[in-house]
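# Chains, contacts and geometry: an overview
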Amino acid sequence: MVKETEIKLRASRATLAALREHPLLKKRNKSGWQQSELFNQYFDTPERDLAQARVALRLRRDGEQYIQTLKGRGQSVAGLSERNEWDWPLDKNKLDLKKLTAECWPAELAELDKKTLKPIFTTDFLRDKAEIAWGRGKAKVVIEAALDLGKVTAGKQSEEICELELELREGDPAALLELAIELAATLPLMPCDISKAERGYRLFDPTCYSLSLPEPQLDAAMPLDDAFAALAWQLLGNSQRLAEQYRFNGHWKLLEQWLQQLIDLRALLGSLGQAAPRASSRELREALDALLEDWRPHVQAGQDDDSVRQATPEQFAEELSDPRWGLFSLQASRWLLTRAWTEKRNERGARIGAAGIGRWLQRFLTEEAAALQLDRYQRQPEDLAEQLPRLERMLVWLRLARSVLEIPEADRLYGELNKLAELANRPLGEEELLATRTAQALTVFMTKGWKALK
């Protein structure tokens, strides 16, 4: 058994060709590019028990060699994945079920009749791989770079495989992101939180692809730094999965959800005060602001205009063909992995970051509620839009962490405040909008949750 740590980056054929000649890879390439043709058959039961247990069973032919592989349950966020992997060389192109012992086989599948395992899809591709190595400080880094081009096939359905895979052989996992960022600065490389096996399952059954990561488990005593990191990783990972799925099928709702992840992430970045000095997040906030400046009005326009929705998949494809989305995603991953917001903050910021999220969140919402001045916007509803950033900061924490609050009717407070934010986001030209804003501000003001924050 080995632990596999890697990052997958979706690319175009032109980008794969450019990567072969990239000066950085050329400089660090210790082996030269070596090409092989890989034929891979994946197995599962008709009920997809392995997929539900989040493991993958593969039989690969690499030249004259056959390799049986079981990939264990792991974690994958924003394209960076870590999981256990077991490999067994075989003499022939047939599964050896005796290899699947309790040492590697998931406990929840202990009663499964392994004889029910059947081929369900294939992933066949050409792989050009090279050993990329360099010195990182006093440590050595070794990464296997693989350029994969081929297709995944399930029945009559197929999809192209075109990606760069970077697998850590030696060194710090942050080095994977550092290399990817350097490559993505000039080439469109999209971190892709979906494995080749997941693509096969998606073709086999389009409804089985999960659009969101599991929600982090928060409790009131959890340090703010830990809670913030968990929520930010979830939002970033969700944005990647939604971008991939919208690229795949063009369903408008997915684009709306993708935009909401970015809005939430931007609000989260702006909420920590001295715990995350603005200088530490400036680059990420600027990148997010640029994305939101382009896509927020576009999504708003598409809510009432079918022609906008019909044209958007092509425009989104253009976004993905530009380096900025992939570069932002990789930079955000590195920022979270290294906890860059903690590096240059003062002692007060460190104390805030170590505080339990329950107490911090209560204080944060109380301060934001006072600054919102709801009574003012009952009198001046035309100015409510200026408070949209503050509303979004309050909403992201109420949406993701209200379970740690000790205030009455927190769910109702979130719902009513969300309605107010939606009204703040509408253009003033709509009839009766001002009266509706006034009424909704009063509704929020009268909730038990809001009164508890005063």
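The structure this text deals with has already been given above.
What you are looking at is a predicted structure, and each value in this text was computed from that prediction instead of being measured.

### Some details on the packing of aromatic side chains
Tallied over the entire structure, the rule returns 13 aromatic pairs. Residues Tyr42 and Phe121 carry aromatic rings whose centres are separated by 4.8 Å and whose planes lie at 20 degrees to one another, so their mutual orientation is stacked. Within this pair, whereas Tyr42 is found in strand β2 (residues 34–44), its partner Phe121 is found in strand β7 (residues 118–136), the two being separated by 79 residues in sequence. Judged by relative accessible area, Tyr42 falls into the buried class, the value being 5%. Taken together, Tyr246, Trp258, Trp295, Phe316, Trp325 and Phe328 form an aromatic cluster joined through their ring pairs. A cation over a ring is seen here: Arg28 above Trp134, with NZ or CZ 4.1 Å from the ring centre. Stacked on the ring of Phe248, the Lys or Arg Arg202 has its end atom at 3.7 Å from the ring centre.

### What to know about the pairing of strand β9 (residues 157–170)
The sheet contact formed by strand β1 (residues 2–10) and β9 spans 5 bridges and is antiparallel. Pairing of Arg10 across the sheet is with Glu163, part of β9. Pairing of strand β8 (residues 139–154) with β9, which is carried by 13 bridges, proceeds in the antiparallel orientation. Paired with Leu149 across the strands is Cys162, a residue of β9. Hairpin connection from β8 to β9: 2 residues lie between these consecutive antiparallel strands, with Gly155 at a positive phi of about 65 degrees.

### Describing the packing of helix α6 (residues 224–249) against helix α9 (residues 306–320)
Working note: a packed helix pair is described by the angle between its axes plus the distance between those axes. Closest axis-to-axis distance for the α6/α9 pair is 10 Å, and the angle between their directions is 130 degrees. By the angle between their axes, α6 is oblique relative to α9. The hand of the α6/α9 crossing is left-handed. For the pair α6 and α9, the contacting residues are Ala243, Tyr246 and Arg247 in the first and Thr312, Pro313, Phe316 and Leu320 in the second. When the residues that make up the contact of α6 with α9 are grouped by side-chain class, the tally is 5 nonpolar, 1 polar and 1 charged.

### A word on the state of the cysteines
One pass over the structure, following the stated rule, counts 0 disulfides. No disulfide involves Cys192; its sulfur sits 11 Å from the nearest other cysteine sulfur, which is in Cys162. Overall, the relative accessible area of 3% leaves Cys192 in the buried class.

### Description of the side chain of Lys8
Residue position: Lys8 is located in strand β1. In terms of polar contacts, Lys8 uses its side chain to reach the side chain of Glu6, at 3.0 Å. A distance of 2.6 Å separates the side chain of Lys8 from the side chain of Glu165, its partner in a polar contact.

### Quick notes on helix α14 (residues 388–401)
Along an α-helix, residues three or four positions apart point the same way, because every turn accommodates 3.6 residues. With 14 residues, α14 ought to run about 20 Å at 1.5 Å a step, and its terminal C-alpha atoms sit 20 Å apart, in line with that. Burial within α14 is extensive, with 11 of its 14 residues counted as buried. Among all positions of α14, only Leu388, Arg390, Leu391, Glu392, Arg393, Met394, Leu395, Val396, Trp397, Leu398 and Ala401 are buried. Buried positions along α14 lie against α6, α7 (252–269), α8 (278–302), α12 (357–372), α15 (410–424) and α17 (448–453).

Each value, and the rule that gives it
Along each chain, the written sequence defines residue order, and numbers are assigned to residues from 1. Reporting of local features is limited, given that this is a predicted model, to residues whose pLDDT is at least 70; pairs of side-chain atoms are given and counted only at 80 or more, and all residues count toward the totals for whole chains, interfaces and linings. In computing side-chain properties, one takes all heavy atoms of the structure into account and sets aside hydrogens as well as water. We call Phe, Tyr and Trp rings a pair once their centres come within 6.5 Å, taking the six-membered ring for Trp, and we label the pair stacked below 30 degrees between planes, edge-to-face above 60, and tilted otherwise. Comment: elements are numbered from the N terminus, with helices defined as DSSP H or I runs of at least four residues and strands as E runs of at least two. Only protein chains enter the calculation, and the probe is 1.4 Å; a residue is then buried if its accessible area is under 20% of its type maximum, exposed if over 50%, and partly exposed in between. Should the NZ of a Lys or the CZ of an Arg lie within 6 Å of a ring centre and within 35 degrees of the ring normal, that charge is described as sitting over the ring. Pairing between strands is defined by DSSP: at least two bridges between the two strands are required. Between N-to-C directions, angles span 0 to 180 degrees; the directions come from axes that are lines fitted to C-alpha atoms, helices contributing only their stretch in contact. Oblique is the label for any angle not covered by the other classes, which are roughly parallel (under 35 degrees), roughly antiparallel (over 145) and roughly perpendicular (65 to 115). Helix crossings fall into two classes, left-handed where the near helix is turned counterclockwise from the far one by less than a right angle and right-handed where it is turned clockwise. Residues count as neighbours in contact if any of their non-hydrogen atoms are within 4.5 Å of one another. Only Asp, Glu, Lys and Arg are considered charged, only Ala, Val, Leu, Ile, Met, Phe, Trp, Tyr, Cys and Pro nonpolar, and every remaining residue, Gly among them, polar. Put simply, a disulfide is two cysteine sulfurs that come within 2.5 Å. Definition of a polar contact: a pair of N or O atoms within 3.5 Å, with one able to donate and the other able to accept a hydrogen when the atoms are protein atoms, and with sequence-neighbouring residues admitted only if both atoms are side-chain atoms. Given a helix with a known number of residues, its expected span is that number minus one, times 1.5 Å.

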